[in-house]
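Secondary and tertiary structure notes
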Amino acid sequence: NAAQITAAIEAFMNAGGGWVGINGAIDVEPTSKWAWYQNNLTGSLPGTHTQPSAGTVNWSAVDHPVIHGLSSPWSCTDEWYTTSSDPRAAGFTILGSLATGGNPVLWVKQFGTGGRSVYTTLGHPVSTYSNVNFTNVMLRSILWTANRLK
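A brief report on the enclosed structure follows. (Residues numbered from 1 in each chain as written. Predicted model: local features only at pLDDT ≥ 70, side-chain atom pairs only at ≥ 80, totals over all residues. Heavy atoms only, no water.)

**A few points about the side chain of E79**
Among the structural elements, E79 can be located in the loop between β4 (74–78) and β5 (81–83). It turns out E79 is buried and unbridged, and the closest side chain with the opposite charge, R88, is 20 Å from it. For E79, the side chain forms a polar contact with the side chain of H49, separated by 3.4 Å. Polar contacts involving the side chain of E79 include one to the side chain of H124, which spans 3.4 Å. Among residues more than four places away in sequence, those in contact with E79 are N23, H49, T50, Q51, P52, T121, H124 and P125. (Helix = DSSP H or I, 4+ residues; strand = E, 2+ residues; numbered from the N terminus. Buried < 20%, exposed > 50% of the residue type's maximum accessible area, 1.4 Å probe, protein only. Lys, Arg positive; Asp, Glu negative; His and termini not counted. Salt bridge = Lys/Arg side-chain N within 4 Å of Asp/Glu carboxyl O. Polar contact = N/O pair within 3.5 Å; in protein donor to acceptor, adjacent residues only side chain to side chain. Contact = heavy atoms within 4.5 Å.)

So this is what it looks like as structure tokens:
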């Protein structure tokens, strides 16, 4: 049942587990019924998004292992999301934002218990997955959440 599933995910993360969410993962729980999901995995409830269009991402916290060494700014075509609240309010660190408007596109959280989460609003168009910068971010996100990248 849903209560057992949510409890298992929370226990996994609190025991040092890792989670990477891409694009529509923010819509998995689009209400505030499971606040833990927004507070620890996606950082917010979903807001709105554009149709896929060209944009530029500026990296911040450039020494973070997920984006260390990546070129900034980075241009790509994707949906550009807003969120219902700033993920920083839930303790997330913003790693990348849209140059126009400053909406965050990539953020991370490290739990006091060792768990780690990464979420990106990017990843809607299939073409995103052939973009070397995006695939590097995803690989580094997986390695970081698995405690294989320091």
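**Observations concerning the nonpolar core**
If you look at the biggest cluster of nonpolar residues, it comprises 20 residues, and the most contacted ones within it are W59, V66 and L106. Contributions of two or more residues to this core are made by β3 (53–59), β4, β6 (93–98), β7 (104–110) and α3 (132–145). Not counting residues within four places of it along the chain, the set of residues in contact with V66 comprises L95, L106, V108, V118, V137, R140, S141 and W144. If you look at the next biggest cluster of nonpolar residues, it comprises 15 residues, including W19, L41, I94 and Y119. (Core = buried A, V, L, I, M, F, W, Y, C linked by side-chain atoms within 4.5 Å.)

**Quick notes on the environment of W74**
Here W74 lies in strand β4. Along the chain, W74 and G55 lie 19 residues apart, while their C-alpha atoms are 8.4 Å from each other. Polar contacts involving the side chain of W74 include one to the side chain of N131, which spans 3.3 Å.

**Quick look at α3**
Counted at 1.5 Å a residue, the expected span for α3 with its 14 residues is 20 Å, and the 20 Å between its end C-alpha atoms agrees. Residues of α3 that are buried: N133, F134, V137, M138, S141, W144 and T145. Along the long axis of α3, the arc covered by the buried residues comes to 135 degrees, so they all point the same way. Contact partners of the buried residues in α3: β1 (18–22), β3, β4, β7 and β8 (116–120). Measuring from the backbone nitrogen of N133 back to the side-chain oxygen at the start of α3 gives 2.9 Å, which picks out N131 as the cap. Within two residues after α3, N147 carries a phi angle of roughly 60 degrees, on the positive side. (Expected span 1.5 Å × (residues − 1). Arc of directions from axis to C-beta.)

**Details of the pairing of β7**
Most of β7 sits out of view: six of its seven residues are buried. Across four bridges, the pairing between β6 and β7 is antiparallel. Looking at the pairing, T93 lines up with V108 of β7. From the end of β6 to the start of β7, which pair antiparallel, there are five residues, and G101 there has a positive phi angle of about 95 degrees. Bridge count between β7 and β8: five bridges; the pairing is antiparallel. Directly across from L106, in β8, lies its bridge partner T120. (Pairing = 2+ DSSP bridges.)

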